[in-house]
Amino acid sequence: MSSTGVAMIERKAMVFNIQKYNMYDGPGVRTLVFFKGCPLRCKWCSNPESQKKKHQVLFKQSLCVNCGECVSVCPTGVHRISPDTQAHEFVKGSKCIGCRKCEDACPASALSVVGELKTISELLEVIEEDQHFYDVSGGGVTLGGGEVLMQPEAAANLLMACKQRGINTAIETCGYAKPESLMKVAKFTDLFLFDMKHMNSDRHFELTGVRNESILSNLKRLLQERYNVKIRMPLLKDANDSEAEILELIAFLTPFRDYKNFKGIDLLPYHKLGVNKYNQLGWNYPMEGDPSLSEADLDRIENSIKKYDFPVSVIRH
């Protein structure tokens, strides 16, 4: 309730997961809040359920017993039992509203609804549970996704509230956003974990569905205006692991190498952890072949970057 006696509507964020005790996405022990919605369609995306900013249903077909319990409880007709095969299927054009009635009714745990609107207060309550771990380890909260900057108002509100409580803040971002959205959250962000997927704009488009000019412009602005930035580079064989690609990255970053706010480069080897989610969404996995890099490949890339006096680490989950 405001001082005028008028009830205030609290801003909400669409999130799809909250992960505690994270040690990879920023300093110390962290709580990672995953925002839903992303403007990119990276072929190797490990969180495909994060791409659309709406409720979605993950379906584990191997567990389904085709009992029809989900059909009887769904208020929007998302599910049906096929009259031809007597098997569960989704009704094309139907819309999940996130009520989770199907999830609760399923006796085989074959269904899970992804996406939940949470108020800033609700998110803060979860984040503050581990304040002691943040204080001891130098950790805090990291907002990831999806893409945080697709919900800039909610992200800024949450980050500001964390800063008011003395909690260190970070965001993971692909950098593809309007500059005003970026700067809205920047003032409350202690560290940007900034993805660099490919330096060539045409190739970037092939791999992610968007060009990279605005991404590079946003990165340059953050560095020039002295916001703390760590580069994160997902690595895929025959996609962005060539010597020419690494040299182009180095050339772009060299003017900022000695800036105190430039915090180095993390190399993120490709992994297959999200492949099963595509099946559960009813999607085809878009990455062809196996773009995993060998240890020798990773050592080669790491050493190439070190030659130019850049702090670099390979992050192995």
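Keep in mind that this is a model prediction, so the values were computed, not measured.

A. Expanded view of the overall build of the protein. Of regular secondary structure, the protein possesses 11 helices and 13 strands. By its C-alpha atoms, the protein is 65 × 60 × 35 Å across when sized along the principal axes. Split into buried and exposed, the 317 residues of the protein put 49% on the buried side. The long-range fraction of contacts in the protein, counting pairs at least 24 apart against all pairs at least 6 apart in sequence, stands at 69%.

B. How the structure looks around a positive patch on the surface. A contiguous patch of positive charge, built from Arg 41, Lys 52, Lys 54 and Lys 95, is present on the exposed surface. Structurally, Lys 54 can be placed in the loop between β2 (30–35) and β3 (56–59).

C. Fine view of the pairing of strand β12 (residues 262–269). Most of β12 sits inside the fold, with 7 of its 8 residues counted as buried. For strand β11 (residues 229–235) and β12, the ladder comprises 6 bridges, and the chain directions are parallel. Among the inter-strand pairings, Arg 232 is bridged to a residue of β12, identified as Asp 266. With helix α9 (residues 243–253) bridging β11 and its parallel neighbour β12, the resulting β-α-β unit is right-handed.

D. Layout of the side chain of Gln 51. Tracing the sequence through the fold places Gln 51 in the loop between β2 and β3. Residue Gln 51 is classed as buried on the basis of its relative accessible area, which comes to 8%. Apart from the residues within four sequence positions on either side, Gln 51 is in contact with Gly 37, Cys 38, Leu 40, Arg 41, Cys 45, Tyr 278 and Trp 283.

E. Representation of the pattern of salt bridges in the model. Using the criterion set out here, one finds 24 salt bridges in the structure. Note that Arg 211 is salt-bridged to Glu 213, the shortest N-O span being 3.8 Å. For Glu 213, a relative accessible area of 45% puts it in the partly exposed group. For Arg 257, the salt bridge is made with Asp 258, and the minimal N-O distance between the two is 4.0 Å. Taking the relative accessible area as the measure of exposure, Arg 257 reaches 26% and is therefore partly exposed. On the basis of relative accessible area, Asp 258 is assigned to the exposed category, the value being 66%.

Rules and cut-offs
- Residues numbered from 1 in each chain as written.
- Predicted model: local features only at pLDDT ≥ 70, side-chain atom pairs only at ≥ 80, totals over all residues.
- Heavy atoms only, no water.
- Helix = DSSP H or I, 4+ residues; strand = E, 2+ residues; numbered from the N terminus.
- Buried < 20%, exposed > 50% of the residue type's maximum accessible area, 1.4 Å probe, protein only.
- Contact = heavy atoms within 4.5 Å.
- Patch = residues over 30% accessible without salt bridge, like charges linked within 9 Å, V, L, I, M, F, W, Y side chains within 5 Å.
- Areas by Shrake-Rupley, 256 points an atom, 1.4 Å probe, with all protein chains shown as cover.
- Salt bridge = Lys/Arg side-chain N within 4 Å of Asp/Glu carboxyl O.
- Lys, Arg positive; Asp, Glu negative; His and termini not counted.
- Charge placed at Lys NZ, Arg CZ, Asp CG, Glu CD.
- Pairing = 2+ DSSP bridges.
- Right-handed = clockwise from strand over helix to strand, strands pointing away.

Everything listed here is a matter of geometry and, on its own, says nothing about what the molecule does.
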